[in-house]
Amino acid sequence: MENNFENPFHGAGQVGQAVLEPTRRSSPRTPPFPYSSLPFASSNAKSPTPSPSPVVIPPGHNIVAPTLTEPVWETVQRDLSRILSNLKLVLFPNPHREDPGKALRDWDLWGPFFFVIFLGLTLSWSASIKKSEIFAVSFALLGIGAIVLTLNVLLLGGKIIFFQSLSLLGYCLFPLDIGALICLFKGHFIARMIAVFVTMFWSSWAAYPFISSAVTQKRKALALYPLLLMYVSVAFLIIATS
Amino acid sequence: MDQNQPPGENYAHPKICFFHVLFKAASLAFYILSTIFVDSFVIIFVVTVLLAALDFWVVKNVSGRILVGLRWWNEINDLGESVWRFECLDQESLARMNKKDSWLFWWTLYLAAVVWILLGIFSLVRFQADYLLVVGVCLTLSLANIIGFTKCRKDAKKQIQAFASQTIASRVSSTLQSAFSVV
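Residues numbered from 1 in each chain as written. Chains lettered and ligands numbered in written order. Predicted model: local features only at pLDDT ≥ 70, side-chain atom pairs only at ≥ 80, totals over all residues. Heavy atoms only, no water.

### Observations concerning the overall build of chain A
Note the following rule: Helical segments are the DSSP runs of H or I of at least four residues, strand segments are the runs of E of at least two, and each set is numbered from the N terminus. Note on exposure labels: buried denotes an accessible area under 20% of the residue type's maximum, exposed denotes more than 50%, and partly exposed covers the range between, all computed with a 1.4 Å probe on protein chains only. We call two residues contacting when some pair of their heavy atoms lies within 4.5 Å. All accessibility values rest on the Shrake-Rupley procedure with a 1.4 Å probe; residue burial counts only the protein chains present in the view.
Assigned secondary structure in chain A consists of 8 helices and 1 strand. Across chain A, helices and strands are ordered from the amino to the carboxyl terminus as β-α-α-α-α-α-α-α-α. Here chain A holds 242 residues, and the buried ones make up 50% of them. For chain A, long-range pairs separated by at least 24 residues make up 66% of all intrachain contacts whose partners lie at least 6 apart in sequence. Counting every atom, chain A has about 12,000 Å² of accessible surface; 68% of that belongs to carbon and sulfur.

See the structure below:
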C-alpha cells in the first residue's frame, strides 16, 4: 500500500510533538498545505485555490456530482482508499508480517463508524419487536465495548494507542457485519448459526495479532479474554434477533 | 483566497461558508423537528449522526483549510507514538484571510456545540437515554473539531509570535553589530 496518498505528510519535514510549522513555499501565492500538496502540485499553473465548489461526497458513497473540483475530490479519494486499505490489512492478517502492531498506523474512524451503524441497522431490521431499543443497545454496546477493551489493554501496560485500537476493533467488526447480513436472509437456523460463528472466529482471529503484540506474554490471556467475550456476545445478539 | 477580494465587504468563499453551516444546521434541525413527523428512533439516530459526521468531515477537511487556513490531524510516527500535527498557512496568507469568513467559522462552531449541550440537558431532564446517546455522539464530533482548531490557532499564534520576536531579535542584533562596526 505504498501509493502516494498514504502518508503525504512525510514530505512535510520533521516535526516534534504538535509543533506548528508556518509552511512557506517559493511562490508566496500558493497555499502551502503539504497535506494536500499532491493535488495542488499538479495544478500549480492554475490559481492557487480554485474556489472549490464544495459539493462534498459523503465518505462511503460513490455518487459523482458534475461540479466537483480537484482538491476536495482528492481528499475524499484519499479517505476512501485509506478505509479500504485499513480494511484489507485488518481482515487478511498476514501471519508472517514483521510487526503486526505497526499495521494500523494510518488509523481512521470512518470505517468503524460505518460498520457499527450498519450492524445496528441490520440487527434492528431483522428484529421483529423493539427495533429502536435493539439499535440503541447495539450501538452503545459496540461503542462502549471498544472503549473499555482499549482501556483494558492500556491498563495492562500494553503499548497501543487509544484511537488506533478503537479503529482496529471497529474494523474487526466487519466479518460480524457480514454474518448479520447473512442472517437477514432467513434460512435454516443451523446454517445461520454456523455463518455467525464462522464470522465471529474470523473477527477474533483478525483482532488477535494486534492485541497480543501489544501486551507482554504473561498478560495476553487477560487482554484477549474480554475481546473474545465481546465478540461472542455480539454473535449471540445477532442470532437472538434474527 | 481570491486575488480580487472586495475590501472586507463580502465573504470570500460564500459556497464553502454555506456548506459549513448547512450540515450543522441540518443535523440540529432534523433532530429537533424529527419527533413531529418521524416515528422511528432508528431513522432519527442514523440521519442525525450521519449529518453530524458529514459536518465533521467538511469542517475538518474543507472549511477549516479554506476559511481560516488551519488544519490538524493525528499520525503515528515510527516509534509508535501518537503525534498531533497542526498546520497553518504562513503569516502573510493568514493576514489576508477574510475576516467575515473566519468570524462565521468560529461562531458557528461554538454555537453548534452550545446548542447540542442544551439539547443534551433537555434529554437528560426527560430521562431519555437513547436521545442522550444521539446528542452525545454529535457533541463529541463538534467538540473534537473545536478542540483541534483551537489548539491549531493557539499554536499558529505562538509560532507567529516566536517568529516575530526572532525577527526583531535578529534585527536588533544586526543593528547593534552595524552600530559597533561603525564605531
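### Side note on the overall build of chain B
What counts is decided by this rule: Radius of gyration here uses only the C-alpha atoms, and the compact-globule reference equals 2.2 Å multiplied by the residue count raised to the power 0.38.
Looking only at helices and strands, chain B has 5 helices and 2 strands in total. Helices and strands appear in chain B in the N-to-C order α-α-β-β-α-α-α. By the compact-globule yardstick of 16 Å for 183 residues, chain B is too spread out, its C-alpha radius of gyration being 22 Å. Counting only C-alpha atoms and orienting by the principal axes, one finds that chain B spans roughly 85 × 45 × 30 Å. Expressed as a percentage of its 183 residues, the buried residues of chain B come to 47%.

### Describing the UniProt feature "transmembrane region" (unreviewed entry) in chain A
Inclusion rule: UniProt positions are given in the numbering used here, feature names are shortened, and annotations may be inferred rather than shown by experiment.
When the UniProt feature table is mapped to this numbering, "transmembrane region" (unreviewed entry) covers residues 109-127, 134-155, 161-182, 189-211 and 223-241 of chain A. Within residues 189-211 of chain A, the helical portion is 100% and the strand portion 0%, while the C-alpha atoms at the span's ends are 33 Å from each other.

### Re the side chain of threonine 108 of chain B
Residue and element names in this part refer to chain B. Put simply, the rule is: For the purposes of these results, a polar contact is taken to be a pair of N or O atoms within 3.5 Å, where, inside protein, one atom must be able to donate a hydrogen and its partner to accept one; residues adjacent in sequence count only when each atom of the pair is a side-chain atom.
Within the fold, threonine 108 resides in helix 4 (residues 99-125). Of the polar contacts made by the side chain of threonine 108, one reaches the side chain of histidine 20; its length is 2.9 Å. At 3.2 Å, the side chain of threonine 108 forms a polar contact with the backbone oxygen of phenylalanine 105. Beyond its immediate stretch of four places on either side in the chain, threonine 108 contacts His20, Val21 and Lys24.

### A closer look at the nonpolar core
Where a protein is soluble and globular, its nonpolar side chains tend to be buried together. Stated precisely, the cut-off is as follows: Nine residue types can take part in a nonpolar core, namely buried Ala, Val, Leu, Ile, Met, Phe, Trp, Tyr and Cys, and a core is a set of them joined through side-chain atoms within 4.5 Å.
In this structure, Tyr231 and Ile238 of chain A together with Phe45 of chain B are the most contacted members of the largest nonpolar core, which totals 98 residues. Apart from the residues within four sequence positions on either side, phenylalanine 45 of chain B is in contact with Ile117, Phe135 and Phe139 of chain A together with Leu133 and Val134 of chain B.

### Focus: a nonpolar patch on the surface
Residue and element names in this part refer to chain B. Inclusion rule: Patches draw on residues past 30% relative accessible area with no salt bridge. Two like charges within 9 Å are joined, as are two nonpolar side chains (Val, Leu, Ile, Met, Phe, Trp, Tyr) within 5 Å. Salt bridges are counted wherever a side-chain nitrogen of Lys or Arg sits within 4 Å of a carboxyl oxygen of Asp or Glu.
Residues Val114, Ile117, Leu118, Ile121 and Val125 make up a contiguous nonpolar surface patch of about 440 Å² in total accessible area. Here valine 125 shows up in helix 4. Valine 125 sits in the exposed class, given a relative accessible area of 59%.

### Remarks on the packing of helix 4 (residues 131-155) of chain A against helix 5 (residues 129-182) of chain B
Counted only if it meets this: Note on geometry: axes are lines fitted to C-alpha atoms, helical ones only across the stretch in contact, with angles between N-to-C directions running from 0 to 180 degrees. Orientation labels follow simple angle bins: below 35 degrees gives roughly parallel, above 145 gives roughly antiparallel, 65 to 115 gives roughly perpendicular, and whatever is left gives oblique. The sense of a crossing depends on the near helix, which, turned anticlockwise from the far helix by less than a right angle, makes the crossing left-handed and, turned clockwise, makes it right-handed. Each residue gets one of three labels, nonpolar for Ala, Val, Leu, Ile, Met, Phe, Trp, Tyr, Cys and Pro, charged for Asp, Glu, Lys and Arg, and polar for the others, Gly among them.
For the pair helix 4 of chain A and helix 5 of chain B, interaxial distance at closest approach is 10 Å and the crossing angle is 45°. Taken together, the axes of helix 4 of chain A and helix 5 of chain B are oblique relative to one another. Helix 5 of chain B is crossed by helix 4 of chain A, and the crossing has left-handed handedness. Residue-level contacts link Ala136, Phe139 and Ala140 of chain A of helix 4 of chain A to Asp130, Leu133 and Val137 of chain B of helix 5 of chain B. Partitioned by chemical class, the residues of the contact of helix 4 of chain A with helix 5 of chain B number 5 nonpolar, no polar and 1 charged.

### Section: the UniProt feature "domain: Yip1" (unreviewed entry) in chain A
The feature "domain: Yip1" (unreviewed entry), as annotated in UniProt, sits at residues 104-236 of chain A in this numbering. Annotation note: span residues 104-236 of chain A, helix share 80%, strand share 0%, distance between end C-alpha atoms 28 Å.

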